[in-house]
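# Secondary and tertiary structure notes
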Amino acid sequence: RCETCSKEEAKYRCPRCMKYSCSLLCVKKHKLALSCNGVRDKTAFVAVNDFTDLNLLSDYRFLEDVGRTADAAARHPTVHSPTTKKLLYGLRNKARRCNIDLRTLPIGFTKRRENSTTFNCMEKKFYWHLKLVFPHCHAEYTLKRVPDDKTLADILKPYIDPVEADPVVCQRLKIYTMSPQSDVQILMKIENRKQNSVRYNELDASRSLLDNLKGKVIIEYPTLFVVLKTLKNDMVVLGQDASEPAKNSDSESSSFSSVEEGEIRDSS
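The model shown is predicted, which means the values in this text are computed figures rather than measured ones.

Burial within strand 7 (residues 184-189) is extensive, with six of its six residues counted as buried. The two faces of strand 7 match: Val184, Ile186 and Met188 on one face and Gln185, Leu187 and Lys189 on the other face are all buried. Relative to strand 10 (residues 223-228), strand 7 runs antiparallel, the two being bridged by five bridges. Among the inter-strand pairings, Gln185 is bridged to a residue of strand 10, identified as Val227. Of the strand pairs in this sheet, strand 7 and strand 8 (residues 200-203) are connected by four bridges, and their pairing is antiparallel. Note on strand 8: the bridge partner recorded for Leu187 is Glu202.

What follows concerns a nonpolar patch on the surface. Residues Val46, Phe51 and Leu56 make up a contiguous nonpolar surface patch of roughly 240 Å² in combined accessible area. Counting through the fold element by element, Phe51 comes out in the loop between helix 1 (24-34) and helix 2 (53-75).

A few words on the environment of Ile100. When you line up the elements, Ile100 lands in the loop between helix 3 (82-97) and strand 3 (101-103). In sequence terms Ile100 and Leu210 are 110 residues apart; their C-alpha atoms lie 8.8 Å from each other.

With that settled, consider the pairing of strand 6 (residues 139-147). Across seven bridges, strand 5 (residues 125-134) lies against strand 6 in antiparallel orientation. Following the sheet pairing, Leu132 is matched in strand 6 by Tyr141. The turn joining strand 5 and strand 6, which pair antiparallel and follow one another in sequence, is formed by four residues; a positive phi near 55° is taken by His138.

Calculation notes
Just so you know, the residues in each chain are numbered from 1, in the order the chain's sequence is written. pLDDT decides what is reported in this predicted model: residues at 70 or higher carry local features, side-chain atom pairs at 80 or more are listed and counted, and totals for whole chains, interfaces and linings draw on all residues regardless. The side-chain figures draw on all heavy atoms in the structure; neither hydrogens nor water molecules are used. Burial classes: relative accessible area under 20% of the type maximum marks a residue as buried, over 50% as exposed, and values in between as partly exposed (1.4 Å probe, protein chains only). Working definition: helices are DSSP H or I runs of at least four residues, strands are E runs of at least two. Numbering for both runs from the N terminus. Only strands that DSSP links by at least two bridges are regarded as paired with each other. Only residues above 30% relative accessible area that lack a salt bridge enter a patch, with like-charged residues linked at up to 9 Å and the nonpolar side chains Val, Leu, Ile, Met, Phe, Trp and Tyr linked at up to 5 Å. In this description, accessible areas are obtained by the Shrake-Rupley approach with a 1.4 Å probe, and a residue is regarded as covered only by the protein chains that are shown. A pair is scored as a salt bridge if a Lys or Arg side-chain nitrogen falls within 4 Å of a carboxyl oxygen belonging to Asp or Glu.

Structure representation (structure tokens):
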């Protein structure tokens, strides 16, 4: 059966989320409801027992695409611009002084192109490009020029506060707005960990964005995951996993490592 209308026999299956649909109308409805783009995830995990020649061919083509993208990025005129290098170096240096390990990606990466983070020298303040992800509602929002002295609670008010939230956003995030504030948990992915050992840091909503980012590794800009404690999710918070102790740093090193503009890091 179609997983959207539950009436007709399914004819199509979404390459992205594997949902069954019966018609173009139901396909569009499921994309809108789940914020699904319908594009197959080429980096999705495939177990060894399920790995076939088609998966091997797909990986080979994916690596070829990555090679072409990296080559195009290396030829981009902005990469060799002294002004661009100076700005990036200055931004990373300012972040390092705030105890934040800010790392930038090559021009060809999407996160590098869309990042709008700046530092105001007059105010001595960061204005961050910020992404908010609400996994329970399959919703994402991008914020620009968020001052670093703004608390996370104030940042989330326009989205999950029953009084101050936008009516349209409030309706979409209804499960969050109807939950008590004490049930809301803000997480940020810890970088530089193995794919099979993904962990998250829990952030303090009452503290400023700057305070929460201190001692963390940030690739281009912060991405915050807003979850509800009462609902099951697969996000393991560092320190809550019985198999490992809690630590307050992403890289578990005492000093920051320098990253050049051309060095490719895992941005996932």
